[in-house]
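Each chain is listed here by its residues.
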Amino acid sequence: MPTLRIDVVTIFPEMFDALVGHGISGRAAERALFQMHRWNPRDLTEDAYRRVDDRPFGGGPGMVMLAEPLARTLDAISEAQLEERVRSQARADVKKAPVIYLSPRGAPLTQQRVCELAELTELTLLCGRYEGIDERLLRARVDEEIAIGDFVVSGGELPAMMLIDAVVRWLPGAVQDFASVQEDSFTRGLLDCSHYTRPEDWRGLRVPDVLLGGHHERIREWRRQEALLTTQQRRPELLTSARKQGWLDSADERTLSRIGDQAKAP
Ligand code: 9WO
């Protein structure tokens, strides 16, 4: 299994310390399940001020990221990726890493796309700041624009970290219990069921009896019903696509028609 190489273009490389320093992504980095390289376009500027941005043509507030330092950075990344492939004796047929720009204008990220990205061997992520990046650079060098959600933040770094986190936990060996990743929310097109831990009675609120009985088949059924019910109530459109994908069986359909008109606490 070749490790995933992630190259990130950012003027705030330190932000990514959070990702490699903690949790599942931190452990995956320690175990070298992936390697991350950070590239600051400021390091590839040649003017005295090390400018990476300028005022927008046509006027208006804010600044726009210059195409040239980003193009140089992407060139340097391509070169480094090539060297790495030679060094690691990668197969000759590996495709060039896609350059992904994190942007609210991108296509919404789905679990499906996350799983596909986890199968690549190289990934280049471009993080914008200010009001955005010169459109010519995007047209010339970006393969895909991805949005994490329908909201704007101050830059692409946090969205990039979310994408990396989502991808890296799919790498074999990242999570001890791989079954738990597969059972996760969305992997089968449904929302996750509810979870409970000790104590059995917390301030008068009880854990559902079925979970305390140790009857594994009944617990499995209850969890499936929970997932179906929650999905039907909160994200009915997910249920529609799960059905189209053939992910629901006849027992699921019976559950849904049985609970369809019942109410459930949020
Ligand atoms: C800034 C802005 C200011 C006034 C009116 C509209 C505006 N849009 C933006 C904007 O999109 N700024 C971006 C900041 C420029 C590119 C990087 N930035 C970014 C990426 N913000 N939010 C994201 C993002 C990426 C992926 N998924 C969700 C949000």
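Residues numbered from 1 in each chain as written. Predicted model: local features only at pLDDT ≥ 70, side-chain atom pairs only at ≥ 80, totals over all residues.

Draft legend 1. Local environment of the overall build of the protein. Across its full length, the protein carries 11 helices and 9 strands. Over its C-alpha atoms, taken along the principal directions, the protein stretches across nearly 70 × 50 × 40 Å. Out of the 266 residues belonging to the protein, those deemed buried represent 26%. Long-range pairs, those at least 24 residues apart, make up 78% of the contacts in the protein with a sequence separation of at least 6. (Helix = DSSP H or I, 4+ residues; strand = E, 2+ residues; numbered from the N terminus. Buried ≥ 20, exposed ≤ 12 C-beta atoms within 10 Å, placed from the backbone. Contact = placed C-beta atoms within 7 Å.)

Draft legend 2. Inspection of the site of the ligand at higher detail. Lining the immediate environment of the ligand, one finds 15 residues, of which Gly128, Gly132, Ala147, Ile148 and Pro159 sit closest. For the shell around the ligand, the element with the highest residue contribution is strand 5 (residues 99-108), accounting for 3 residues. (Near = placed C-beta within 6 Å.)

Draft legend 3. Representation of the nonpolar core in the model. One finds Leu125 and Leu163 to be the most contacted residues of the largest nonpolar core, which totals 43 residues. No other element matches helix 6 (residues 157-168), which puts 6 residues into this core. (Core = buried A, V, L, I, M, F, W, Y, C linked by C-beta atoms within 7 Å.)

Draft legend 4. Region of interest: the domain arrangement of the protein. Taken domain by domain, the protein consists of domain 1 (4-168) and domain 2 (183-264). Between domain 1 and domain 2, the C-alpha centre-to-centre distance is 37 Å. (Domains from an automatic or database assignment.)

Draft legend 5. Broad picture of the sheet that holds strand 7 (residues 144-147). An order of 2-1-6-5-7 is seen for the 5 strands of this open sheet, with the pairing classed as parallel. Of all the strands in the sheet, just strand 2 (34-39) and strand 7 have a single pairing partner and so form its edges. Strand after strand, the sheet turns through a mean of 35 degrees between neighbouring axes, direction not considered. Summarising the sheet, strand 5 and strand 6 (residues 122-126) pair through 3 bridges and their orientation is parallel. Bridged to tyrosine 101 within strand 6 is leucine 126. (Pairing = 2+ DSSP bridges. Axes fitted to C-alpha atoms, helices over the stretch in contact; angles between N-to-C directions.)

Draft legend 6. Inspection of the pairing of strand 5 at higher detail. Sheet analysis places strand 5 next to strand 7, joined by 5 bridges and oriented parallel. The partner of isoleucine 100 across the bridge, within strand 7, is glutamate 144.

Draft legend 7. Focus on unusual backbone geometry. Here the bond from arginine 198 into proline 199 is cis, since omega is 0 degrees, no more than 30 degrees from zero. Residue position: proline 199 is located in the loop between helix 7 (178-183) and strand 8 (201-202). Look at arginine 50: it is not a glycine, yet its phi comes out positive at around 55 degrees. For arginine 50, the position within the fold is in the loop between strand 2 and strand 3 (53-54). You can call arginine 50 partly exposed: it has 13 C-beta atoms within 10 Å. Of note in the backbone geometry, glutamine 89 takes a positive phi value of approximately 50 degrees without being a glycine. Look at glutamine 89 and you get exposed, because 8 C-beta atoms sit within 10 Å.

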